[in-house]
Amino acid sequence: MTDKKYGLQRYFLFFAICFIVITLLELAFKSMIHAGQDLPPLLFPAMTIFLLIFHIMVAGFMVMKYLCDKQHLYLMAIACAFTGSAVMMLGTLSSFPDWFLCHTTTLVNYNDAIIFFTFRNIMMAVLFIVSIVLFRQPKWAARGALFHTFILSGIITFTLLMLLLAYLYSSYNPILSVSLVDNETHTFTPLWNDFFSWVLIATWSLTLVLLLRVTRLCSTFWFSGAFFCTCYILTMIFLLSDHNSDGFAWYQARFFETSSTLFIIFTLLYDIFHLYQDSQNKYLDSYQNAIRDPLTRLHNRSYFYDTLVKNLAVASPMQPVSVIVSDLDRFKRINDTYGHLQGDKVIQFVATVLQDAVRIDDIAARIGGEEFALLLVNTPAQNALIVAERIRQTIAQHDAASSQQQLPEAITISMGVYTATSDALTAEACVERADKAMYQAKQTGRNRVVVWEEPRPSQGSAINLSPEAQ
Ligand code: GH3
Ligand code: MG
Ligand code: MG
């Protein structure tokens, strides 16, 4: 029921947009060109050249889109429609013999122009119908390369056949040539007025109805396709209302053809923009996943080491780099008593405390199960000790109630600090020293911070105990 309502809303929107855009186009056209006005003879071939280029662009877009995943076979029917149309427009251009040299020509073969136009329209409408049918059968896309080749061969053969027929029925082949326009008087013959124009109106109308029913205008692409069909129906109506083949209606028709093709091109450009935006977001997402730990969303071990290597390269007494390694105290007991899920919540809680305690340029990482590391840029040892101490106290202060049950009971953490003031040590060696300081904290009672100090000759290793020991 809701689907039906949205479908109707979409149709209403489509017809409203069509009405507004077509009225605006008509006003724009009439403000540029007035009926009865003498028009430059090369205007029509010039408009045809623009249309030809736009049709080649649409065909190119369609082929590229199809080649992206080779799933949307219906795009190739549209690609053939626009390619065939562009080739037939070359035939139209050859009806204006001197257009290329910009000579004003009086020898225009209007009959050939309308023959190419007729075959072009039949071919495009039929290929649009094929495309709609292929769109309706998405399962066909999965049928494999052989099936795609078979369908593609059919589409291409049909396009070539229509090109051949257009050629055979034009003045290039006097045996079959039909007369749709009298080249002397430039008036349409009854064969055009009473038959072909109606056939084309019927074919495009059928295409439009099918497109609306099958695609339900589910995407901007089909929306622009429906607008294209509407403009082509309108084109035929303009031509029917005019009796002269070199008249105002031809220019009007070509203007609408060009505008509707431009509409498709803008839709495709929007599609590309959308795809680019989408892939950019996916890239950013996957990059974040690659550098972050899934449980805590802190940075992971490898990102921590990579950043540490970069920072150590520029470390100096003026630009010290501090590393803090932390490990939760008696965490096995938490897991054993409350289960792993609760243990995970504890790890997440600690991660939040760590992340909140550092600046934007610093790195908070999870480097093991319940082991964390902080990289504090431009931070001397005494400041790193203050940061670590603040974190230790924050964690120790919380209990189940104050942590909203993230912690099942109060917990503590042991931390070791090492500060590098040169690039003499590797990243691994720096972390090892902070780690040793942290183990010293464990050995000396846990829930404390120890700053690593260079061993003095008289001592095995020199350790500066946490503030609690001070
Ligand atoms: P100590 O004070 O000496 O550090 O004692 P401890 O019990 O914390 O010992 P240790 O640091 O060796 O314990 C690590 C425990 O962390 C072992 C393992 O069960 C647990 N652990 C590791 N990764 C995870 C995890 O992702 N989730 C949970 N829930 N537990 C983890
Ligand atoms: Mg541990
Ligand atoms: Mg531990």
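In short, a report on the structure.

What counts, and where the lines are drawn
Residues numbered from 1 in each chain as written. Chains lettered and ligands numbered in written order. Predicted model: local features only at pLDDT ≥ 70, side-chain atom pairs only at ≥ 80, totals over all residues. Heavy atoms only, no water. Helix = DSSP H or I, 4+ residues; strand = E, 2+ residues; numbered from the N terminus. Rg over C-alpha atoms; globule rule 2.2 N^0.38 Å. Buried < 20%, exposed > 50% of the residue type's maximum accessible area, 1.4 Å probe, protein only. Contact = heavy atoms within 4.5 Å. Areas by Shrake-Rupley, 256 points an atom, 1.4 Å probe, with all protein chains shown as cover. Lys, Arg positive; Asp, Glu negative; His and termini not counted. Charge placed at Lys NZ, Arg CZ, Asp CG, Glu CD. Donors = N, O, S within 2.8 Å, 3.2 Å for Na, K, Ca; no water. Tetrahedral: all angles 85-135°; square planar, octahedral: opposite > 155°, others 65-115°. Phe/Tyr/Trp six-rings, centres within 6.5 Å; stacked < 30°, edge-to-face > 60°. Lys NZ or Arg CZ within 6 Å of the ring centre and 35° of its normal. Patch = residues over 30% accessible without salt bridge, like charges linked within 9 Å, V, L, I, M, F, W, Y side chains within 5 Å. Salt bridge = Lys/Arg side-chain N within 4 Å of Asp/Glu carboxyl O. Axes fitted to C-alpha atoms, helices over the stretch in contact; angles between N-to-C directions. Parallel < 35°, antiparallel > 145°, perpendicular 65-115°, else oblique. Nonpolar A, V, L, I, M, F, W, Y, C, P; charged D, E, K, R; others polar. Core = buried A, V, L, I, M, F, W, Y, C linked by side-chain atoms within 4.5 Å. Left-handed = near helix turned anticlockwise from the far one by under 90°.

Quick look at the overall build of the protein chain
Move 1: In terms of regular secondary structure, the protein chain is built from 13 helices and six strands.
Move 2: A compact globule built from 470 residues should have a C-alpha radius of gyration of about 23 Å, whereas the protein chain, at 37 Å, is more than 25% larger.
Move 3: In the protein chain, buried positions account for 48% of the 470 residues.
Move 4: Long-range contacts, defined as pairs at least 24 residues apart, comprise 72% of the intrachain contacts of the protein chain with a sequence gap of at least 6.
Move 5: For the protein chain, the computed accessible surface area is about 23700 Å², with 63% contributed by carbon and sulfur atoms.
Move 6: Side chains of the protein chain give 32 positive and 36 negative charges; the mean places of these two sets differ by 9 Å.

Overview of unusual backbone geometry
Residues apart from glycine generally show negative phi values, whereas peptide bonds are mostly found in trans.
Move 1: Of note, R216 is a non-glycine position whose phi angle comes to about 50 degrees, a positive value.
Move 2: Residue placement: R216 occurs in the loop between helix 6 (190-215) and helix 7 (220-241).
Move 3: Accessibility expressed as a relative area gives 46% for R216, which makes it partly exposed.
Move 4: For Q405, which is not glycine, the phi torsion reads 70 degrees and is therefore positive.
Move 5: For Q405, the location among the structural elements is in the loop between helix 12 (381-397) and strand 4 (413-420).

Description of the coordination of the magnesium ion (ligand 3)
Move 1: Here the magnesium ion (ligand 3) is held by D327 (OD), L328 (O) and E370 (OE), and the distances to it run 2.0 to 2.2 Å.
Move 2: Classification of the site at the magnesium ion (ligand 3) rests on its six donor atoms, whose angles at the metal span 77 to 179 degrees, yielding the label octahedral.
Move 3: All donors of the magnesium ion (ligand 3) come from a single chain, and their spacing in sequence reads D-L-x41-E.
Move 4: Between the magnesium ion (ligand 3) and the magnesium ion (ligand 2) the interatomic distance comes to 3.5 Å, and D327 is a ligand of both metals. Across the pair, exposure class does not vary: D327 and L328 are buried alike.

Regarding the packing of aromatic side chains
Move 1: One pass over the full model with this rule turns up 30 aromatic pairs.
Move 2: For the ring pair F14 and F223, a centre distance of 5.4 Å and an interplane angle of 85 degrees mean the geometry is edge-to-face. Of this pair, F14 sits in helix 1 (residues 2-32) while F223 sits in helix 7, and the two are 209 residues apart along the sequence.
Move 3: What makes F14 buried here is its relative accessible area of 0%.
Move 4: You can call F223 buried: its relative accessible area is 14%.
Move 5: Judged by centre distance (5.2 Å) and plane angle (20 degrees), the ring pair of Y167 and Y172 falls under stacked.
Move 6: When its relative accessible area of 41% is taken as the criterion, Y172 is described as partly exposed.
Move 7: Connected via pairs of aromatic rings, a cluster forms that spans F44, F117, F188, W192, W250 and Y251.
Move 8: Against the face of F221 rests K65, its NZ or CZ located 5.5 Å from the ring centre.

Regarding a nonpolar patch on the surface
Move 1: A cluster of nonpolar side chains, F19, I20, L24 and L27, forms an exposed patch at the surface whose accessible area comes to about 460 Å².
Move 2: On the secondary structure map, L27 appears in helix 1.
Move 3: Note on L27: relative accessible area 56%, which makes it exposed.

Examining the packing of helix 3 (residues 74-94) against helix 4 (residues 110-136)
Move 1: Remark: helix 3 packs on helix 4, axes separated minimally by 8 Å, with the N-to-C direction vectors making an angle of 175 degrees. As judged from the angle between their axes, helix 3 and helix 4 are roughly antiparallel. For the pair helix 3 and helix 4, contact is made by Y74, A77, I78, C80, A81, F82, G84, S85, M88, M89, G91 and T92 and by A113, F116, F119, R120, M123, M124, L127, F128, V130, S131, L134 and F135, respectively.
Move 2: Class assignment of the residues belonging to the contact of helix 3 with helix 4 gives a composition of 18 nonpolar, five polar and one charged.

What to know about the nonpolar core
Move 1: Formed by 82 residues in total, the largest nonpolar core has its most connected members in F14, F82, M124, W192 and W204.
Move 2: Among the secondary structure elements, those contributing two or more residues to this core are helix 1, helix 2 (43-69), helix 3, helix 4, helix 5 (145-169), helix 6, helix 7 and helix 8 (248-291).
Move 3: Residue contacts for F82: discarding those within four places in its chain leaves H55, V58, A59, M124, F128, F228, T261 and I264.
Move 4: Core analysis: the second largest hydrophobic core is formed by 31 residues, L298, F349, V350 and V449 among them.

As for the packing of helix 11 (residues 340-357) against helix 12
Move 1: Running from N to C, helix 11 and helix 12 point in directions that differ by 145 degrees, and their axes come no closer than 10 Å. As for the relative orientation of helix 11 and helix 12, their crossing is right-handed in sense. Counted together, V350, V353, L354 and A357 of helix 11 and V387, R390, I391, T394 and I395 of helix 12 form the full contact between these two elements.
Move 2: Split into classes, the residues belonging to the contact of helix 11 with helix 12 amount to seven nonpolar, one polar and one charged.

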